[in-house]
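Coordinate inspection notes
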Amino acid sequence: MSFDVASIRKDFPILGTRMRGKPLCYLDSAASAQKPQVVIDAISDFYSRHYANIHRGVYQLSADATRRYEEVRTRVARFIGAPDPREIVFVRNATEAINLVARSFGEAEIGKGDEIVLTAMEHHANIVPWQMLAERRGARLRVAEIHDDGTLDVSSLEGLLGPRTRLLAFAHVSNALGTLNPVREITAMARARGITTLVDGAQGVPHAKVDVSALGCDFYAFSGHKLFGPSGAGVLYGRLALLEAMPPFLGGGDMIERVSFKGTTYAPAPQRFEAGTPDIASVIGLGAAIDYLEGIGMERIQVYEQSLLAYATDQLAKVPGLRLVGTAREKAAVLSFVLEGVHPHDIGTVLDGEGIAIRAGHHCAQPLMERLGLPATARAPLAFYNTTDEIDRLVAALDKTRALFA
Ligand code: PLP
């Protein structure tokens, strides 16, 4: 069955709008993805007809809101292949998911002289929480190298896994390079040594079918807003045995079993990690996004995006002076590039004038930029609502940029 991108685009109202007098060409979905009407409607419907706080009310409206919220937990578990919905913790975003693990698992399990292994391609969200933990605990960060094409140097990583390694945290897909890391191979290496693994899946889930059981990771973190859902709801998957052994992250209402001034006992996972009123409507919206994606099929999305990536890679190669940054054989549809003699911010500005939204900068991966010897790149990730026509517009606008700065 062919992929009807024209009909898919109609599901996203913003894609029919104009920017600077031209049809919007949105090439920044890695920063945040656009939302289909069904997600917008699910949020509006929830606020219009079903809204109440959850887990508290004895009345029907609250019980119904609770059921809807908890159903999304079950849907998320199924969507990412988690065996048990109790392994799904709702958080704000991938950043909070990683901080939760660093605070909760980290404080309990990582001590003086222990080591946390990361890779050189991590987003700041998967660096800074570990750095903060290492400072608090007297632990040490070790960083696996990458090759010049943006692939992970797996043997460098393996060489870092030692008797003091307590945690290995790495990206499923690099946001700045597109590199798809060999997650199963890496988690197997860690498991054989009794090392806990966290996969930063912020750029993994939007591009392919994820099965956390098959990936073999202990934790998997992602943001709903990059998965075509609303901002404000993200997910931490954690193996149940690990979550059950972890102390709470934030304290407050909804995460307790019993509170007295002598002391407090905590609710079981995942409630233990969901203190206070969550972003209920965003969780409902995330459920609608997952239903929408499953309706299309993640496998079909992946095939379409890969064909788009191949087309874009060929077309960009024809732009004189353009160099792609991140050319791993296994990669998701992210195009990062530099253009000789033009600062990436200037590329972004000229493209904006053409109605094309891309990001220019360090993409929250400053250590990676340093490793590559670049201050910044221009980045155009592709989502399943992008088209070959939009890639042609991108190429034409880059030619115009070159002409302006030549
Ligand atoms: N990890 C990766 C690889 C990302 O690309 C991002 C966001 O760009 C994050 C983590 C952080 O996501 P959020 O800002 O939604 O927490």
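Report on the accompanying structure.

What counts, and where the lines are drawn
- Residues numbered from 1 in each chain as written.
- Predicted model: local features only at pLDDT ≥ 70, side-chain atom pairs only at ≥ 80, totals over all residues.
- Heavy atoms only, no water.
- Helix = DSSP H or I, 4+ residues; strand = E, 2+ residues; numbered from the N terminus.
- Rg over C-alpha atoms; globule rule 2.2 N^0.38 Å.
- Buried < 20%, exposed > 50% of the residue type's maximum accessible area, 1.4 Å probe, protein only.
- Contact = heavy atoms within 4.5 Å.
- Areas by Shrake-Rupley, 256 points an atom, 1.4 Å probe, with all protein chains shown as cover.
- Pairing = 2+ DSSP bridges.
- Axes fitted to C-alpha atoms, helices over the stretch in contact; angles between N-to-C directions.
- Salt bridge = Lys/Arg side-chain N within 4 Å of Asp/Glu carboxyl O.
- Parallel < 35°, antiparallel > 145°, perpendicular 65-115°, else oblique.
- Left-handed = near helix turned anticlockwise from the far one by under 90°.
- Core = buried A, V, L, I, M, F, W, Y, C linked by side-chain atoms within 4.5 Å.
- Domains from an automatic or database assignment.
- Polar contact = N/O pair within 3.5 Å; in protein donor to acceptor, adjacent residues only side chain to side chain.
- Near = heavy atom within 4 Å.
- Nonpolar A, V, L, I, M, F, W, Y, C, P; charged D, E, K, R; others polar.
- Phe/Tyr/Trp six-rings, centres within 6.5 Å; stacked < 30°, edge-to-face > 60°.
- Lys NZ or Arg CZ within 6 Å of the ring centre and 35° of its normal.

This part is about the overall build of the protein. Scanning the protein for helices and strands turns up 14 helices and 17 strands. Expected size for 406 residues packed as a compact globule is a radius of gyration near 22 Å; at 22 Å, the protein falls within 12% of this value. On the principal axes, the C-alpha backbone points of the protein span a range of 70 × 55 × 35 Å. Residues classed as buried in the protein amount to 56% of the 406 residues present. Excluding contacts between residues fewer than 6 apart, the proportion of contacts in the protein whose partners are at least 24 apart in sequence is 71%. A total of about 16800 Å² of accessible surface is found on the protein, and carbon and sulfur atoms cover 53% of it.

Taken together, the 5 bridges between strand E5 (residues 115-119) and strand E6 (residues 140-144) define a ladder with parallel strand orientation. Considered in E6, the bridge of Leu118 is made with Val143.

Now for the sheet that holds strand E16 (residues 359-361). Strand order in the open sheet formed by 4 strands is E13-E14-E17-E16, and the pairing between neighbours is antiparallel. Since the sheet does not close on itself, it has two edges, and those belong to strand E13 (322-324) and E16, each with one partner. Sheet twist, expressed as the mean angle between neighbouring strand axes with direction ignored, is 30 degrees. Both E16 and strand E17 (residues 377-381) contribute to a ladder of 3 bridges, which runs antiparallel. Looking at E17, one finds that Gly361 is bridged to Thr377. Sheet strands touched by helix H11 (residues 298-317): E13 and strand E14 (334-339). Its angle to E14, the strand with the most contacts, is close to 10 degrees. The sheet strands contacting helix H14 (residues 388-405) are E13, E14 and E17, and the helix crosses E14 at an angle near 15 degrees.

With that settled, consider the pattern of salt bridges. Applying the stated criterion to the full structure yields 26 salt bridges. The closest approach of N and O atoms between Arg92 and Glu96, which form a salt bridge, is 2.8 Å. With relative accessibility at 18%, the residue Glu96 sits in the buried group. For Asp114, the salt bridge goes to Arg166, with nearest N and O atoms at 3.5 Å.

Right, let's talk about the packing of helix H2 (residues 37-50) against helix H3 (residues 60-79) for a bit. Two numbers describe how H2 lies on H3: the axes approach to 11 Å, and their chain directions differ by 160 degrees. Judged on the interaxial angle alone, H3 and H2 are roughly antiparallel. Considering the relative orientation of H2 and H3, their crossing is right-handed. Residue-level contacts link Phe46, Arg49 and His50 of H2 to Leu61, Asp64, Ala65 and Arg68 of H3.

Time to look at the nonpolar core. Counting 100 residues, the largest nonpolar core has Ile80, Tyr220, Phe384 and Leu398 as its most contacted members. Each of two domains, domain 1 (5-30 + 297-400) and domain 2 (40-294), supplies a minimum of three residues to this core. Look past the residues within four positions of Leu398 in its chain and what remains in contact with it is Leu316, Val319, Leu322, Phe337, Leu339, Ile347 and Leu351. Within the second largest apolar cluster, 27 residues are counted, among which are Val89, Val91, Ala97 and Leu243.

Once that is clear, we can look at the sheet that holds strand E9 (residues 219-223). The strand order E4-E10-E9-E8-E7-E5-E6 describes an open sheet built from 7 strands, whose pairing is mixed. The two strands at the open ends of the sheet, each matched to only one other strand, are strand E4 (88-91) and E6. Between one strand and the next, the sheet's axes are offset by a mean angle of 20 degrees, whatever the strand orientation. Inspection of the sheet shows E5 paired to strand E7 (residues 165-171) by 3 bridges, in the parallel sense. Paired with Glu115 across the bridge in E7 is Thr165. This element, helix H5 (residues 128-137), spans E5, E6, E7 and strand E8 (196-200) of the sheet and lies at about 145 degrees to E6.

Examined against the element boundaries, Lys400 turns out to sit in helix H14. One polar contact links Lys400 to Glu354, side chain to side chain, over a distance of 2.6 Å.

Our next topic: the site of the ligand. Around the ligand, the neighbouring residues are Asn93, Ala94, Thr95, His123, Ala125, Asn175, Asp200, Ala202, Gln203, Ser223, His225 and Lys226. Between Thr95 and the ligand, the recorded distance is 2.5 Å, taken from a side-chain N or O atom to an oxygen atom. Contact between the ligand and Asp200: a nitrogen atom at 2.5 Å from a side-chain N or O atom of the residue. Residue composition of the shell around the ligand, by class: 3 nonpolar, 7 polar and 2 charged.

The side chains of a regular strand alternate between the sheet's two faces. In terms of burial, E5 is largely enclosed, as 5 of its 5 residues are buried. Taking every second residue as pointing to the same face, both faces of E5 are buried, with Glu115, Val117 and Thr119 on one and Ile116 and Leu118 on the other.

On inspection of all chains with the given rule, the structure shows 15 aromatic pairs. Centre to centre, the rings of Phe46 and Tyr51 are 5.8 Å apart; their planes meet at 85 degrees, and the pair counts as edge-to-face. Given a relative accessible area of 1%, Phe46 falls into the buried group. Here the aromatic cluster, defined as three or more aromatic residues joined through ring pairs, consists of Phe12, Phe228, Tyr292, Phe384 and Tyr385. The ring of Phe79 carries Lys209 above its face, with NZ or CZ at 5.2 Å from the centroid.

Scope: geometric values only; no functional claims are made or implied.
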